[in-house]
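Residue-level listing of the chains:
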Number of protein chains: 4
Amino acid sequence: MAGNGKKIVDAVIKLFVEGGGFDRVMEKMRIVSAGEGRCVAEMMVDKEHQNKGGTLHGGMTATLVDIVSTLALMTKDRGVPGVSVNMNITYLKSAKQGDEIVINANTLKTGKNLAFLEVEITNKATGNIIATGSHTKFVGS
Amino acid sequence: MAGNGKKIVDAVIKLFVEGGGFDRVMEKMRIVSAGEGRCVAEMMVDKEHQNKGGTLHGGMTATLVDIVSTLALMTKDRGVPGVSVNMNITYLKSAKQGDEIVINANTLKTGKNLAFLEVEITNKATGNIIATGSHTKFVGS
Amino acid sequence: MAGNGKKIVDAVIKLFVEGGGFDRVMEKMRIVSAGEGRCVAEMMVDKEHQNKGGTLHGGMTATLVDIVSTLALMTKDRGVPGVSVNMNITYLKSAKQGDEIVINANTLKTGKNLAFLEVEITNKATGNIIATGSHTKFVGS
Amino acid sequence: MAGNGKKIVDAVIKLFVEGGGFDRVMEKMRIVSAGEGRCVAEMMVDKEHQNKGGTLHGGMTATLVDIVSTLALMTKDRGVPGVSVNMNITYLKSAKQGDEIVINANTLKTGKNLAFLEVEITNKATGNIIATGSHTKFVGS
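Thresholds, definitions, all that
Residues numbered from 1 in each chain as written. Chains lettered and ligands numbered in written order. Predicted model: local features only at pLDDT ≥ 70, side-chain atom pairs only at ≥ 80, totals over all residues. Heavy atoms only, no water. Phe/Tyr/Trp six-rings, centres within 6.5 Å; stacked < 30°, edge-to-face > 60°. Helix = DSSP H or I, 4+ residues; strand = E, 2+ residues; numbered from the N terminus. Buried < 20%, exposed > 50% of the residue type's maximum accessible area, 1.4 Å probe, protein only. Contact = heavy atoms within 4.5 Å. Buried area = accessible area lost by both parts, 1.4 Å probe. Salt bridge = Lys/Arg side-chain N within 4 Å of Asp/Glu carboxyl O. Polar contact = N/O pair within 3.5 Å; in protein donor to acceptor, adjacent residues only side chain to side chain. Nonpolar A, V, L, I, M, F, W, Y, C, P; charged D, E, K, R; others polar. Least-squares fit on C-alpha atoms with pLDDT ≥ 70 in both. Pairing = 2+ DSSP bridges. Axes fitted to C-alpha atoms, helices over the stretch in contact; angles between N-to-C directions. Parallel < 35°, antiparallel > 145°, perpendicular 65-115°, else oblique. Left-handed = near helix turned anticlockwise from the far one by under 90°. Patch = residues over 30% accessible without salt bridge, like charges linked within 9 Å, V, L, I, M, F, W, Y side chains within 5 Å. Areas by Shrake-Rupley, 256 points an atom, 1.4 Å probe, with all protein chains shown as cover. Lys, Arg positive; Asp, Glu negative; His and termini not counted. Charge placed at Lys NZ, Arg CZ, Asp CG, Glu CD. pLDDT = per-residue confidence, 0-100.

1. Topic: the packing of aromatic side chains
This model, assessed by the stated rule, comprises 2 aromatic pairs over all chains. Seen from their ring centres, Phe22(A) and Phe22(B) are 6.2 Å apart, and the 65° between their planes marks the pair as edge-to-face. You can see Phe22(A) sitting in the loop between α1 (2-18) and β1 (30-35) and its partner Phe22(B) sitting in the loop between α1 (2-18) and β1 (30-35), one on each of two chains. Of the two residues examined, Phe22(A) and Phe22(B), each falls in the buried class.

Structure (structure tokens):
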């Protein structure tokens, strides 16, 4: 199931990246596992993800929170991406070029109308938390 | 002063965009005015800013909140960009291709250690609020 | 209309406070005006609102954001209080015993399912911002 | 150490509650364990914690996030409570009178200037998440 989830999410992210929209910024991100409301991805911080200070850009961090939590949500039964209502990101530590980061997203709850997701981004080598995110999406009709 | 602020911010954003980092996603954004802790920018939503649903990507919205509020902060006396501590974005309405959006950032307070910024993104034609953002940065040493 | 809104909100808050629930902590708050999605209240910071450091308690600040924004929402056509989905509070400056504070809440948007509210708490004498809040509520069925 | 942490936190919360300030709303909360940046507390939802709808008040939830995370922070070496910078609460599920709730707070990081805390409030009987909170405090000088 988790393996199957990964296949589906790999296909989804390929579609996203090749679509030519903003999701192209995820191009270098790899899905590690996906399924049952969870999605884990990895990415090496490269120049294209950085701010002028040479660290992972806060907007890129927010985009990682947005996308990986949405992928996690899409592994749930209904398979819907939903629409963002609120996103909160806390920045604990910087990540610099060459750092391998892990993006770990989890669906806390999906209801008829709302889905609640959380994300933790860590440095793969040190285990230090880089950022945490909370993402609420509307999934009703 | 506001005119001078705009000149400086224009130069800053040119540096940012040409640096080849993540700030390149701001390429099509134009600064309308800047100075005294405020920065107003405009952008036409194009394909490169969208999600697969054809509307402004939540990660791009977050990036606009991050960057324009940082530019607003840089117009203050000390001219520092600071480091993000927390960013909260609320998504009220979608924006679609061709929509002209206005990003209005304001510095609520800068202290010795922390700066507090807020952003409102509106649809230029209708005045409807697309998103609001709150951004806290560390500016101490 | 605004005057009538105040009458209704005064009655609502009387009900709330006298109900014996947590809303009793609002006992000393006075409604200044209410109507058309807005609500302005005032309160003198007293010992019962403080933390051990002698300043307005962060939990009390959050409660003020919650309640006054809900009152603002209830002045809208449908008159519903809704259910909280997300609340974000940023603390800019402390308030101490005897400080008169102003709580200014505004409904940014109400839709079929969600309502978006914002709050600013200021020191009445100095005009300094004490806290800002963003509150999203579910108002669907 | 954890046992010792609990003793200290018990003493701190007794001081808080008896101080006559806003912390009195924590009167019925019990500390389960505390130490090494963590604090777990329990409380039965009673009438005094509710809104007019008969469920745990959003302001009380926010206050629980604020206080239990602060207690968690105080078990760290420096023992400082810090000053709130930002607090974000997401409300997933209601809690009604008689429900036993568990408040679980954890220090993600403490630095020279900032401390990052997270809280999860669950229903003890069902394990369902009632709310999650993120709390950033300034601990510098």
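2. A few points about the interface of chain B and chain D
Taken residue by residue, the interface counts 10 residues in chain B and 10 residues in chain D. Note on chain B versus chain D: buried area summed over both sides is about 730 Å², and carbon and sulfur give 55% of it. Counting across the interface, chain B meets chain D through 0 salt bridges. Between the two partners, chain B and chain D, sit 3 residue pairs in polar contact (both at pLDDT 80 or more). Breaking the side of chain B that touches chain D down by element, the ones donating at least two residues are β3 (83-91), β5 (114-123) and β6 (129-138) of chain B. Broken down by element, the side of chain B that touches chain D gets its largest block of residues, 3 residues, from β3(B). Split by residue class, the side of chain B that touches chain D holds 4 nonpolar, 5 polar and 1 charged.

3. So, the relation of the copies chain A and chain B
By a simple turn and slide, chain A fits onto chain B: the slide is 0.0 Å along the axis, the RMSD is 0.0 Å, and the turn is 180°. Those values place the two copies in the arrangement expected of a two-fold rotation axis. In terms of proximity to the rotation axis, the leading residue of chain A is Asn88(A), whose C-alpha is 2.2 Å off the axis. The share of interface residues of chain A whose copies in chain B are also at the interface is 100%, consistent with both copies meeting through the same surface.

4. A closer look at the sheet that holds β5(B)
Ordered in space as β1(A)-β2(A)-β4(A)-β5(A)-β6(A)-β3(A)-β3(B)-β6(B)-β5(B)-β4(B)-β2(B)-β1(B), the 12 strands form an open sheet in which the pairing is antiparallel. Unpaired on one side and paired on the other, β1 of chain A together with β1 of chain B mark the two borders of the sheet. Each neighbouring strand pair of the sheet contributes to a mean axis angle of 15°, computed without reference to strand direction. Two elements, strand β4 (residues 100-110) of chain B and β5(B), share 9 bridges in a ladder whose sense is antiparallel. Considered in β5(B), the bridge of Asn104(B) is made with Glu120(B). Against the sheet, helix α2 (residues 58-74) of chain A contacts β1, β2 (38-44), β3 (83-91), β4 (100-110), β5 (114-123) and β6 (129-138) of chain A together with β3 of chain B, and its axis sits at roughly 130° relative to β3(A).

5. Digging into the relation of the copies chain B and chain D
Superposing chain B onto chain D takes a rotation of 180° combined with a translation of 0.0 Å along the rotation axis, leaving an RMSD of 0.0 Å. With an isologous cut-off of 70% or more, the 100% of interface residues of chain B that recur at the interface of chain D puts this contact in the isologous class.

6. Thoughts on the environment of Asn104(D)
The residue Asn104(D) is located in strand β4 (residues 100-110) in this model. Ignoring any residue separated from it by four or fewer positions in sequence, one finds Asn104(D) in contact with Arg38(D), Cys39(D), Val40(D), Glu118(D), Val119(D) and Glu120(D).

7. Details of the packing of helix α2 (residues 58-74) of chain C against helix α2 (residues 58-74) of chain D
The N-to-C vectors of α2(C) and α2(D) enclose an angle of 155°; their axes lie 8 Å apart at closest approach. It follows that α2(C) is roughly antiparallel to α2(D) by the angle criterion. Seen from above, α2(C) lies across α2(D) with right-handed handedness. Together, Gly58(C), Gly59(C), Met60(C), Ala62(C), Thr63(C) and Asp66(C) of α2(C) and Gly58(D), Gly59(D), Met60(D), Ala62(D), Thr63(D) and Asp66(D) of α2(D) make up the contact between the two elements.

8. Structural notes on a negative patch on the surface
Negative charge collects at one region of the surface, where Glu118(A), Glu120(A), Glu118(D) and Glu120(D) lie side by side. If you list the elements that add at least two residues to the negative patch, you get β5 of chain A together with β5 (114-123) of chain D. Considering the arrangement of structural elements, one finds Glu120(A) in strand β5. Here Glu120(A) falls in the partly exposed class, since its relative accessible area comes to 31%.

9. Quick word on the confidence of the model for chain A
Regions with low pLDDT should not have their predicted coordinates read in detail. The predicted model of chain A has a mean per-residue pLDDT of 94, with 98% of residues at 70 or higher. Note on the complex model: pTM 0.96, ipTM 0.95.

10. A word on unusual backbone geometry
Peptide bonds are mostly trans, and most non-glycine residues show a negative phi. One non-glycine residue with positive phi stands out, namely Glu36(A), at about 55°. Along the chain, Glu36(A) falls in the loop between β1 and β2.

11. Structural notes on the interface of chain A and chain B
Opposite the 31 residues of chain A that make contact, chain B presents 31 residues. Area buried by chain A at its contact with chain B is led by Phe22(A), Lys52(A) and Tyr91(A), which between them contribute 25% of it. Remark: the boundary between chain A and chain B carries 0 salt bridges. Across the chain A-chain B interface, the total number found is 24 residue pairs in polar contact (both at pLDDT 80 or more). If you list the elements that add at least two residues to the side of chain A that touches chain B, you get α1, α2 and β3 of chain A. With 8 residues, the single largest contributor to the side of chain A that touches chain B is β3(A). Bridging between β3(A) and β3(B) involves 5 bridges; their strand directions are antiparallel. Each bridged residue has a counterpart across the sheet, and for Thr90(A) the counterpart in β3(B) is Asn86(B).

12. Focus: the sheet that holds strand β2 (residues 38-44) of chain D
What the 12 strands build is an open sheet, ordered β1(C)-β2(C)-β4(C)-β5(C)-β6(C)-β3(C)-β3(D)-β6(D)-β5(D)-β4(D)-β2(D)-β1(D); its pairing is antiparallel. At either margin of the open sheet sits one strand with a lone partner, and together these are β1 (30-35) of chain C together with β1 (30-35) of chain D. For this sheet, the mean inter-axis angle between neighbouring strands, taken without regard to orientation, is 15°. Of the strands in this sheet, β1, β2 (38-44), β3 (83-91), β4 (100-110), β5 (114-123) and β6 (129-138) of chain C together with β3 (83-91) of chain D are in contact with α2(C), which crosses β3(C) at around 130°. Contacts from α2(D) reach β3 of chain C together with β1, β2, β3, β4, β5 and β6 (129-138) of chain D within the one sheet, and its direction differs from that of β3(D) by about 130°.

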